[in-house]
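Residue-level listing of the chains:
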Amino acid sequence: MKNKAFRNGVKRVFLRLVLFFALIITGSGALVYKLINPSFLSFDEEEPVTIAVEASNLEAVENGIHLATGFKADKGLQTVIRSCTPCHSAKLVTQNRANKEGWIGIIRWMQETQNLWDLGSDETVIVNYLAKNYAPEKKGRRENLKDIAWYELDN
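Residues numbered from 1 in each chain as written. Predicted model: local features only at pLDDT ≥ 70, side-chain atom pairs only at ≥ 80, totals over all residues. Heavy atoms only, no water.

1. Let's talk about the pattern of salt bridges
The condition is simple: Salt bridge, as applied in this entry: a Lys or Arg side-chain nitrogen positioned within 4 Å of an Asp or Glu carboxyl oxygen. Each helix is a run of H or I in the DSSP string that is no shorter than four residues. Each strand is a run of E no shorter than two, and both are numbered from the N terminus. The rule is simple: take the accessible area with a 1.4 Å probe, protein chains only, and divide by the maximum for that residue type; under 20% is buried, over 50% is exposed, in between is partly exposed.
Evaluation of the coordinates by the stated rule reveals four salt bridges. Across the pair aspartate 74 and lysine 132 runs a salt bridge, and its minimum N-O distance is 2.9 Å. Here aspartate 74, found in the loop between strand S2 (65-66) and helix H2 (77-84), pairs with lysine 132, found in helix H5 (residues 122-133); they are 58 residues apart in sequence, far enough to count as distant. On the accessibility criterion, aspartate 74 (27% relative accessible area) is partly exposed. In this structure, glutamate 137 engages arginine 97 in a salt bridge whose closest nitrogen and oxygen atoms are separated by 3.2 Å. Of this pair, glutamate 137 sits in the segment after H5 while arginine 97 sits in the loop between helix H3 (90-94) and helix H4 (100-113), placing them 40 residues apart in sequence. Under the relative-accessibility criterion, glutamate 137 is labelled partly exposed at 46%. For arginine 97, a relative accessible area of 34% gives the class partly exposed.

If you want it as structure tokens, here you go:
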């Protein structure tokens, strides 16, 4: 009798431990999922975020730079904005440099691989603008150092 009561007590403790660890594992899983997906169990519907830009600011130019895009203000700017920025950021254009042939090559690559449409007569305007304002920068070696007071290193 004593042995049977002991076994029943051990079974009850074992079942409680199993239930406890199952709850810990389930709670941990839910916590990890909540960290990954914060909207989990969120009953409030979020309103879409709308960013409003005043139309007057879209044309603003300061120090020769079109503020909305970062492009240099020059002839053909609006054509470049209309043709380039629907697909990618203006920053992608301004970080590149090429001559006319290089810009034409970039346009052909985009037409062949990125589904860029035929630019028609706008292509000449775009290439001229880009080649003028985003041409390769001439960088060379710095001049040799002159009149330097060298000193001996102690070993």
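So that's the structure; there's more coming.
2. A few points about the nonpolar core
The tendency in soluble globular proteins is for nonpolar side chains to be buried as a group. Defined as follows: Residue types Ala, Val, Leu, Ile, Met, Phe, Trp, Tyr and Cys, when buried and joined through side-chain atoms within 4.5 Å, form a set referred to as a nonpolar core.
Ranked by internal contacts, the top residues of the largest apolar core, which has 19 residues, are Phe71, Val80, Trp103, Ile107, Tyr129 and Leu130. Mapped onto this core, the elements with two or more residues apiece are H2, H3, H4 and H5. Broken down by element, the residue count for this core peaks at five residues, all from H5.

3. What to know about a nonpolar patch on the surface
Going by this rule: A patch consists of residues exposed above 30% relative accessible area that lack any salt bridge, with like charges linked at up to 9 Å and nonpolar side chains (Val, Leu, Ile, Met, Phe, Trp, Tyr) linked at up to 5 Å. Each accessible area is a Shrake-Rupley estimate made with a 1.4 Å probe; only the visible protein chains count as cover when residues are assessed.
Taken together, the side chains of Val13, Leu17, Phe20, Phe21 and Ile24 define a hydrophobic patch exposed on the protein surface, amounting to about 480 Å² of accessible area. Structurally, the position occupied by phenylalanine 21 is in helix H1 (residues 2-36). Its relative accessible area of 47% is what places phenylalanine 21 among the partly exposed residues.

4. Quick look at the packing of H4 against H5
In helix packing, the relevant descriptors are the interaxial angle and the interaxial distance, both defined with respect to the helix axes. Short version of the rule: Fitted lines through C-alpha atoms serve as axes, helices being fitted only where they are in contact, and the angles separating the N-to-C directions of these axes extend from 0 to 180 degrees. Each angle is binned into one of four classes, with values under 35 degrees roughly parallel, values over 145 roughly antiparallel, values of 65 to 115 roughly perpendicular, and all other values oblique. Crossing chirality is assigned from the near helix's rotation relative to the far helix, an anticlockwise turn below a right angle marking it left-handed and a clockwise turn marking it right-handed. By definition in these notes, contact holds between two residues if any of their heavy atoms fall within 4.5 Å.
Contact geometry for H4 and H5: axes closest at 9 Å, N-to-C directions at 130°. What the angle tells us is that H4 and H5 run oblique. As for how H4 packs across H5, the hand of that crossing is right-handed. From H4, Lys100, Trp103, Ile104, Ile107, Arg108 and Gln111 reach across to H5, where they touch Glu123, Ile126, Val127, Asn128, Leu130 and Ala131.

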